[in-house]
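Residue-level structure breakdown
So the chains spell out like this:
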Amino acid sequence: MSWQDRDYGDDGADRMGRPGGDWQGVRPTFDNPMSWSIPLGRVIGIVVRVHIVFLIYIVIRLARSLASPDAAEAAPLGFALTALQLGCLFGIVLLHEFGHCIACRRTGGEADEILMWPLGGLAFCRPEQRWQAHLVTAVGGPAVNVAILIILAPVMAVICQSWGAAIPNPLMPHLPLLPDGRQPWWLLALFFIHHINLILLLFNLLPIFPLDGGRIAQAALWPRFGYVMSMRLAVYAGYIGAIGLFIFGAVFVQWILIAIAAFGGITCWLTLKQLQWTEAVMGGGTDEYAASLWGDDDEEKKEKKQKKRGPDRAERRRRRREKAAEEEAAEVDRILNKIAEKGMDSLSRREKGLLKRATARRQQGGEGG
């Protein structure tokens, strides 16, 4: 479904948490429901984990196809086809998340874990801190779906001799029918893969942060508006998208869509609150810092030109002070992310000291003003 910034290690200065409503990838702990998962294996250095709730969802779907007295109402596909459909869903989502991971690595970033959970999948990625890398990482997942669509659409059209099978209606799924009425398992599997792939592609491109569509929009706006303002715009668009998705899910009684809409809305709210806190406590400056820290090409070019012009010593000192303050603001963001995810006890001595000093400086600045 999406990719999330991954927290690597416990003491790297380069691990800078930033606004975005992202929880950090952590090992299983009892007090963190997001970590309740089991490992399935490792592929190209990427650990694949499945969330306990996702396994429960699969069991419920399969049980409903057997236990209901009215099987046609509870599970029109029956047990075998339900199992086949769930298998195709798992495979498509997993390939999507691998797309994010591979794209992240291709741009020089790191990705080492995928979590399969009830609302889709999460690829824990750490792209390089520049908008191009974030954009490529976000596009990597949908790119896999586009590739599958390009391959399967003509195949289904030729086999089934129907445009309905080649470009299925996401809201009205139907099984492909051969002229003689027989439907082999391989054809049903192809249809499930094709139909699920199309739904996931369209869904992930919705402009709801942190879905891929919201992340793509944020990364595209980053070079023009800066990181913080682009994040704000993505959050505002995410609110609108989440409300629309919630209404759609309620009208058609789709609880999964309602849950995703709620998740997106909460994520946008947390992101906006973190941005507001950073600006209020640290006194702003986050836009300029994000642009320089995360590789804004235009800002880098401006800095190089300014260096060639030979700014005076006072100007250089002023810039160093501003950069130090902005770096501290970003580090405090990361620490707050960590507190929200793991609690205050998870902080190292260095992190506690930094947070205390930053708070004290802010309080002194307020008293002095």
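Here the structure is a predicted model, which means the values were calculated and not measured.

Things to note about the side chain of Arg49
The topology assignment puts Arg49 in strand E3 (residues 46-51). Since its relative accessible area comes to 9%, Arg49 is described here as buried. Only 2.9 Å separates the side chain of Arg49 from the side chain of Ser37, close enough to count as a polar contact.

Some details on unusual backbone geometry
In this structure, Ile44 takes a positive phi of about 45° despite not being glycine. Within the secondary structure layout, Ile44 lies in the loop between strand E2 (37-43) and E3. The phi torsion at Val253 lies on the positive side, around 50°, for a residue other than glycine. Along the chain, Val253 falls in the loop between helix H8 (227-251) and helix H9 (255-282). Residue class for Val253 comes out exposed when judged on its relative accessible area of 54%.

A few points about the environment of Leu275
If you trace the backbone, Leu275 turns up in helix H9. Residue Leu275 is classed as buried on the basis of its relative accessible area of 2%. For the pair formed by Leu275 and Met231, sequence separation is 44 residues and the distance between their alpha carbons is 8.8 Å.

A closer look at the environment of Gly41
Tracing the backbone shows Gly41 in strand E2. For Gly41, a relative accessible area of 33% puts it in the partly exposed group.

Notes on the side chain of Asn197
Inspection of the secondary structure puts Asn197 in helix H6 (residues 185-204). Looking at Asn197, the relative accessible area reads 0%, which means it is buried. Discounting chain neighbours no more than four positions away, the residues touching Asn197 are Ile92, Asn145, Ile148, Leu149 and Phe192.

Focus on helix H3 (residues 78-106)
Counted at 1.5 Å a residue, the expected span for H3 with its 29 residues is 42 Å, and the 42 Å between its end C-alpha atoms agrees. In the stretch just after H3, Gly108 is the one whose phi turns positive, near 95°.

Description of the environment of Leu77
You can see Leu77 is positioned in the loop between helix H2 (71-74) and H3. By relative accessible area, which is 24% here, Leu77 ends up partly exposed. The contact partners of Leu77, leaving out residues within four places of it in the chain, are Thr82, Gln85 and Phe192.

Quick notes on the confidence of the model for the chain
Counting all residues, the mean pLDDT for the chain is 77, and 73% of those residues have values of 70 or more. Counting interchain partners and residues more than four positions distant, the pLDDT-below-50 stretch residues 7-26 has 74 contacts. Taken together, the stretch residues 288-299 has pLDDT below 50 and engages in 29 contacts with residues farther than four places along the chain or on a different chain.

Brief notes about the packing of helix H7 (residues 212-225) against H8
Between H7 and H8, whose axes approach to 7 Å, the crossing angle comes to 145°. Judged by the twist between their axes, the crossing of H7 over H8 is right-handed. Taken together, the residues of H8 that come into contact with H7 (itself represented by Gly214, Gln218, Leu221, Trp222 and Phe225) are Tyr227, Met229, Ser230, Met231, Leu233 and Ala234. Taken together, the residues of the contact of H7 with H8 break down into eight nonpolar, three polar and no charged.

Topic: the packing of aromatic side chains
Here the structure, examined in full by the defined rule, presents six aromatic pairs. Measuring from ring centre to ring centre gives 4.9 Å for Trp222 and Tyr227, while their planes differ by 70°; the resulting arrangement is edge-to-face. Of the two residues examined, Trp222 and Tyr227, each falls in the buried class. Residues Phe248 and Phe252 carry aromatic rings whose centres are separated by 4.7 Å and whose planes lie at 40° to one another, so their mutual orientation is tilted. Take Phe248: its relative accessible area is 30%, and that puts it in the partly exposed class. In this structure Phe252 comes out as partly exposed when scored by relative accessible area, which is 46%.

Observations regarding the pattern of salt bridges
Throughout the structure, instances matching the rule amount to four salt bridges. A salt bridge links Glu113 to Arg49, with the shortest nitrogen-to-oxygen separation between them at 3.9 Å. Residue Glu113 is found in strand E4 (residues 110-117), and its partner Arg49 is found in strand E3; the two are separated by 64 residues along the sequence. For Glu113, a relative accessible area of 4% puts it in the buried group. Across the pair Arg126 and Glu110 runs a salt bridge, and its minimum N-O distance is 3.8 Å.

Rules behind the numbers
Residue numbers restart at each chain and count upward from 1, following the sequence in its written direction. Note on the predicted model: pLDDT of at least 70 is required for a residue's local features to be given, and 80 or more for side-chain atom pairs to be given and counted; whole-chain, interface and lining totals, by contrast, use all residues. Excluding hydrogens and water, the side-chain values take into account all heavy atoms of the structure. Secondary structure elements are defined from DSSP: runs of H or I of at least 4 residues count as helices, runs of E of at least 2 residues count as strands, and each element is numbered from the N terminus. Working definition: with a 1.4 Å probe on protein chains only, accessible area under 20% of the residue-type maximum means buried, over 50% means exposed, and in between means partly exposed. Pairing of N or O atoms within 3.5 Å defines a polar contact, subject to two protein rules: one partner must be a possible hydrogen donor and the other a possible acceptor, and residues neighboring in sequence count only if both atoms are side-chain atoms. Only heavy atoms enter the contact rule, under which two residues are in contact if any of them lie within 4.5 Å. By this rule the span expected of a helix is its residue count minus one, scaled by 1.5 Å. Residue-level confidence of the predictor is summarised by pLDDT, bounded by 0 at the bottom and 100 at the top. The axes are straight lines fitted to the C-alpha atoms, using for helices just the contacting stretch, and the angles between their N-to-C directions are given from 0 to 180°. Less than a right angle of anticlockwise turn of the near helix away from the far helix marks a crossing as left-handed, whereas a clockwise turn marks it as right-handed. Each residue gets one of three labels, nonpolar for Ala, Val, Leu, Ile, Met, Phe, Trp, Tyr, Cys and Pro, charged for Asp, Glu, Lys and Arg, and polar for the others, Gly among them. Geometry of aromatic contacts follows a simple scheme: Phe, Tyr and Trp rings, the Trp one being its six-membered ring, pair when their centres are within 6.5 Å, and the pair is stacked under 30 degrees between planes, edge-to-face over 60, tilted otherwise. A pair is scored as a salt bridge if a Lys or Arg side-chain nitrogen falls within 4 Å of a carboxyl oxygen belonging to Asp or Glu.

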